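One-letter residues, chain by chain:
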Amino acid sequence: MKDHDKSIPSRLASLYQATDIRQEIAPLIIGERCNPTGSKKFRELLLEGDVDGCLQMGLEQERIGAHVVDLSAAWAGRDEQADMKALVKSFGKTLKAPLMIDSTSPKVIETALEAYPGRPIINSINFEDGGEALDKICRLAKKYGASVTGLTIDEQGMAMDADKKTAIAHRIHDTAVERYGLDSGDLFFDPLTFTIGSGDEKLVDAAIQTLAAIKRIKEELPRCHTVLGLSNISFGLPVNARKVLNAVFLHEAVEAGLDAVIIDPANCFPLDRIDEEGRELALDLIYNRQTGELSPLMAFINYFEDFQIEEDEDTQGDVEPEQLLQQHILHGDQRDLDDILVMLLESYTPLEIVNQLLVPAMREVGELFGSGEMLLPFVLQSAEVMRKSVEILEPRMEKSGHDDTVTVLLATVQGDVHDIGKNLVNIILSNNGYKVIDIGIKVTAETIVETIRENPQIDVLCLSGLLVKSAMIMQESMEIYNKAGLHLPILLGGAALTEKFVARECVPGYGGKVVYCRDAFAGLRAIQAFEAGNLQSSQWQREDSVKSTVQETRVEISLVDDIPVPPFSGTRELAVSSEEFLPLLNRQVLFRGRWGYKKKKMSDDEYEQLLRSQVEPEYDAIVEKIHTDGLLTPRVRYGWFDCRRQDDRLLINHEGREFGFDFPRQKHAPHLSISDYFRNDSKQDLIGMFLITLGEKIGETAHKLYDENRYHDYLLLHGFSVEAAEALAHHVHNKMADDLGIGEFGQRYSFGYSACPDLELQRPLFELLEGEKIGVSLTSSCEMTPEQSVSAVVVHHPEAKYFSV
Amino acid sequence: MKNRQNSIEISCFLGNEYHLKGQWKIRVIARKGRPKRLIGFKLFKILQKKQAKTCLQTIMSITNEQLLIFDGACGTTLQSMNLPADAWEGIDGCNEYLNLSAPQSIIELHGGFLEAGAMVIETNTFGASSLVLGEYGLEDRVEEINHAAVRNARKAISECSRSDRNHYVAGSVGPTTKLPILGHIEPAALAASVKEQMRALIEAGVDCLIIETCQDLLQVKTVLVACFELLEELGRDLPVLSSVTFEQQGTMLVGSDIGAVCATIAPFPVISLGLNCATGPVDMEPQIHYLSENWDRRISCIPNQGMPIVQDGETVYPLSPSGYADHMLDFIDRFGISIIGGCCGTSPAHIRALADALANRSREVRS
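In what follows, the accompanying structure is described. As the structure is a prediction and not an experimental result, all values here were calculated from the model.

1. What to know about the overall build of chain A
Of the regular secondary structure elements, chain A holds 26 helices and 26 strands. The globule rule puts the C-alpha radius of gyration for 805 residues at 28 Å, and the 31 Å found for chain A is close to it. For chain A, the C-alpha atoms occupy an extent of roughly 90 × 70 × 55 Å along the three principal directions. Residues classed as buried in chain A amount to 46% of the 805 residues present. Put simply, of all contacts in chain A between residues at least 6 apart along the chain, 75% involve residues at least 24 apart.

Below you can see the structure in the form of C-alpha cells.
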C-alpha cells in the first residue's frame, strides 16, 4: 500500500502543468513585466485594450524563463476588475506558467480567482489597514484554493528591521492559518527591500535587514516560502550598476533562503560576467562594509561610472574565434554568429565545432546554473545560441547516416521539463549519423514502453532529466521497463545522476544494460560501443576506490600506447617561403574578424558584392605590397623532444638539462590540462614545439602607418600580419604532423591563448628552440619580439582538442 | 494507514456502545453541546437510537471502508437492458428522466450491480443539472429528478439480498455539456446550476457526492468551490469525491496534465481524487502512478472497459470481466488505489468479477 505519510511539496498550477514552489535550483522566477505600473509597454497595450498584445508579453515572460507570471491590471482611470477579468481569461487559457494575481482589491482578486483554472498566487496581503482587506483576501484564498503572499507591513507602515519584518510575518501567518484555515505551505512572505543606492543614511543597512529577515522567516516558519521584489534594492543607481547590484543581492538572498523572486531578468547581469572587484564592491555595499576612504556606495558608484559589460564593446577583432564562440554561448549572445562560425569553418568541420566548441561551452553553462551563478533565463539564452549555431552548421554537415544505423529513443523523464541536455544529445547523436526519435519532455515510463513497442527498430533508449526527482524516477522506471519485457540498453544522463547511483540503484533493477553518461559525448561513446558490441553496464567499485573530487569530474583521456617516432630528436630550422603558407591564411577570420567586414544583416549577394568590390582588392593590394617591399622574412625553428609527465608537470631532458612545463588546469569541468594528453607513470612520451616569426619589417611598417594616422591602412596591414603568422604556424603544424605520419591529428597549443594563457610558460620552449637564432626574443613580461611571432607545443594525442582554462 | 478524514461527525446515544463491522467500537461519553474527541471522532448531537444506527452505518463507514467498490456503467447497461422506447415518454436520450418515467428500470439497473457486489451505487443524475436538463426542456424539474434518483437508489439497496457488505449512495454530478475554459459558459452560471443539483442530492440524503468525468480544470475547480460553499451553508460535512477524465494522449481534453489537476484540487477537502471514463485502465496507468506519489488522500480508478471498437455494427468495449479485475487488483497492489469501479462498458459481470476476486484474495490472506 502507498505511503500516506509522505509530504507532497507545495505547488502552483496553470491550466496545463504544476510548478514546484521550491525549485530544485532556486529561485522560483516570477516575471514582473505584465504590470502597467512597472512596464510602459504593458501599460500602453492595456490602455489600448489590446488583450492579445498583453498576452504576448506574458508569453515572452514565459519564453525567457519565468516560472510564474505576475499580472496586474491596476491603472488609475481604468476599470481594474473588467481589465483583470479579460486578462485572466486570456492568460489563463494560454500560459503554461501559473499566474501571480497582483492586486490590492479583494473584488478584483475574486474576479481573477473565479476565472483562473489553476492554482495561482495572490499578491498580496498585509496589516496596513488593520486586517480588513486581509480578512477578505484570506477567505478568497481558502475558497479558491490559492496561495497568497504576505507583505511585512502593519498599521505602523513598512517594517524596516529584521525583528519587525519577522514579527509581522508571524502575525500574518498565525491569522491566516488559525482564523482562515490556510495551510502554512500556502503562504509566501515578502520581507520588502528598500534601496541602498540612494545614500539615505537610514537605509544603509536595508539589505542586511532584509537578508536577516529572510533567514529568520525560513527558520521560524519553515513550511512558508519567501519572495522578494528584487529591483527596489538598487533604485536610484545608473542602469548598469543596478544590474550588478540586483544580481549580487539576489545571489545573497538565495543563499539566505529566498525561494522566489519577482524580477525582470533583463535587469540583472549573469553573475559570471561581473568581475571579482565589481562583485566585492557590490557585497561591500550590501553588507555596508567600508574598506577604503569612500563609503561603500561611493566606491560602488565610482567603479561602475564607466563600467561596461563586454557586450557593449566591439573588440572582437583581437579574440580567437574559438573563444568568441564560447563567449557567445556563455553570454547568450547571438550577434555575428554567422561570421564567427564561418571563420571557424576554415579550420574545423561543422561536427568538430559542435563537439569541441559548442558542447563544452554548454556544459560550462550547465555548471554555472547548477552552482547558482546563472539564472535560468540566461541558460535559456545560451541554449538558444547553441540551437542557432547548429541551425547554421547543419546544412554543411555531411550526415553519415545510412539505413541500418542505430536508432535511439530520446526523452526527458516524467515530471521534468528541462530539455537542454536532451536536445544536446539529440544534436550530437543525429549529427554523428544516428537516427534519433525524440519524444519530448515529461514522458512517462508507460509512454516510453508503448513507443518502443510501436517502433521495433529502436535499439537504444536514452533518458535525460535535470532534477533530483528525475533520478528517482529513472530508478523506479527500471522495474517498469523490466516488467514490460524490454531488453534494449538504457543510457541515463542528467545533472543529479552519478555513476555510483546508476550502478547501484538503476543497474540491478533492469535485465538489460544500464549505462551512466555524464554528458552528451559519453552518450555518443556509449552508442559507438553499442555498435561495436562492447557496451557495458555502469559499475561501481568499493567506496575506498573513490578518486579525488577533481579527478572524479575529469574527462577520462585514454592514453595511447603507440608513441609516434619523430624523424629526429632535438631542434632544427625549417626554410619557408611566403608562397607555401599564405594560401593557408584564414581569409574569413581576416575579413570578418580582424578587418571587421561582418555580414550582419546583408544578404548573401550583398555581402559577396562587398567582398568582391572592396575587401578582396584590399587583400590583393597588401599581398602585392608585401612582395614588392619584401615585408615578410619568415623563419621557423622546431623540434621533437622526449618527455615524461609528473602529475600536471611535463618534464623534458635535453642535452643534460631538465626543462619543466607546468600547464594550467581548467578550474571548471571537465578540468582539462594539456598535460592530460601525455602518459603518466614515468613512461616516455613525445612532444613537439615550434617557434615562427614573420620578421621585424612588417611590424615596423604597420607602426609607421599608425604614426602617420593612416588608421585604416594600419588596421588592414596589422590584421593581415596576425593572420599571416597564424597561417605560418598552421603550415609548420601540418609539416610536423606529416613528419609523424599522423595526418590531421594532434593539436597545437600556443602560449598566450586560452588553453595556456600564461606567457611565462614559454621560457623553457625558448631555451629549447634557441629562439635568438631566428631573431626572436622575449621581453621582461615574456612577450615575443618581433610582434608577429608564434610559439606552440604540438600534442600528438588524437583526442587533443581546443579548450580554455 | 492514516486518513485525514478520521475526524467526522456522528450522531449517537449517550452511554451506548456500538460495534461497527468489527472495525470500530465506540462508547459515547460526551454530552450535547460539549464536543469531545474519542478515538478520533467528534460527538455532536444526541438523537434517537434508531437514527443513530443509520448514521453510524453510513456516514462513518464510507470514509473508513478500506476499499470501496463502485458500480458500473449506467448508459451502456441501460442500452443492454433494451427498454421499450416509450419508457422515455418522448424525452428521448435523457436517461435522467427515467428516474421519473421508469423508476423500476433504474432500480433494476442499480440492483444488478448491488447483487454483483458493488458497495456504492451512483445515482442516475450524471446530467441532472438545469444546464443539461434544459436541453430537454426539463430545467424546472432538477429537484424532482434528483430526489427521485436518490429514492430509486435507496430502494434498490433496501431490496438487495446481500448482507456481506455495507451499501451507500453516491450523488453523481457530471460535467454538464459546457466547458467554461472555452468560454461556453461563465463560471458563475455553471456554479449556480450545479449547486442547485447538489443541493437537491444532499437534501435527498446521499452518503457522498462524486464530481466526475471532469474534462476542464476550470469546470472541476468551479464545481468544487460551489460544492464546499454549499456544504458550509448547509452546515454539513459530507464526503466529496473528485474524478477527472484523461484522454488517451495523457491530458485532459483541454491539455491539463495530472500535475496541474493534483496541485489545483489539493487545497480542497475532497476525500479522493482519481480518474474515470475516456480510456481503459492501461491508459490510466501513468496518471494513477503519479497520484500514488503526489496525492496524499484516497485514489479512485473508474475506467472504461478499454477503448471501444465497432463489432458487427455495434460499439463494444473489449475488456473481459476477469481482465478488468486483474487490472484493478494490480493497481491496488502497486498504487494503493482504494476506490474502484467501472465506467462505460462495465456490466454487472465485470463488477462481480472484481468483487469476487477481492473476496477470494482476502480469504487467501486470512488463511
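2. Side note on the environment of Gly433 of chain A
Residues and elements named next belong to chain A. Along the chain, Gly433 turns up in the loop between helix H15 (420-431) and strand S14 (435-438). A count of 16 C-beta atoms within 10 Å places Gly433 in the partly exposed class. Here the alpha-carbon distance between Gly433 and Ala97, two residues 336 residues apart in the chain, equals 36 Å.

3. Overview of the environment of Leu258 of chain A
Residue and element names in this part refer to chain A. As for its position among the elements, Leu258 is in the loop between helix H8 (239-256) and strand S12 (260-263). Owing to 27 C-beta atoms within 10 Å, Leu258 belongs among the buried residues under this scheme. Residues Leu258 and Leu211, 47 residues apart in the sequence, show an inter-C-alpha distance of 8.7 Å. The residues touching Leu258, leaving out its near neighbours within four places in the chain, are Ala26, Pro27, Ile214, Thr226, Leu228 and Ala253.

4. Digging into the sheet that holds strand S16 (residues 490-493) of chain A
Residues and elements named next belong to chain A. On the basis of which strands lie adjacent, the open sheet formed by 5 strands has the order S14-S13-S15-S16-S17 and parallel pairing. The outermost strands of the open sheet, each flanked by one partner alone, are S14 and strand S17 (514-516). Each adjacent strand pair in this sheet contributes to an overall mean axis angle of 25 degrees, direction not counted. Two strands pair when backbone bridges link them, and S16 and S17 are joined in this way by 3 bridges, in the parallel orientation. What sits directly across from Leu491, in S17, is Val515. Set on the sheet, helix H18 (residues 499-506) makes contact with S16 and S17; between it and S17 the angle comes to about 165 degrees.

Cut-off values and rules
- Residues numbered from 1 in each chain as written.
- Chains lettered and ligands numbered in written order.
- Predicted model: local features only at pLDDT ≥ 70, side-chain atom pairs only at ≥ 80, totals over all residues.
- Helix = DSSP H or I, 4+ residues; strand = E, 2+ residues; numbered from the N terminus.
- Rg over C-alpha atoms; globule rule 2.2 N^0.38 Å.
- Buried ≥ 20, exposed ≤ 12 C-beta atoms within 10 Å, placed from the backbone.
- Contact = placed C-beta atoms within 7 Å.
- Pairing = 2+ DSSP bridges.
- Axes fitted to C-alpha atoms, helices over the stretch in contact; angles between N-to-C directions.

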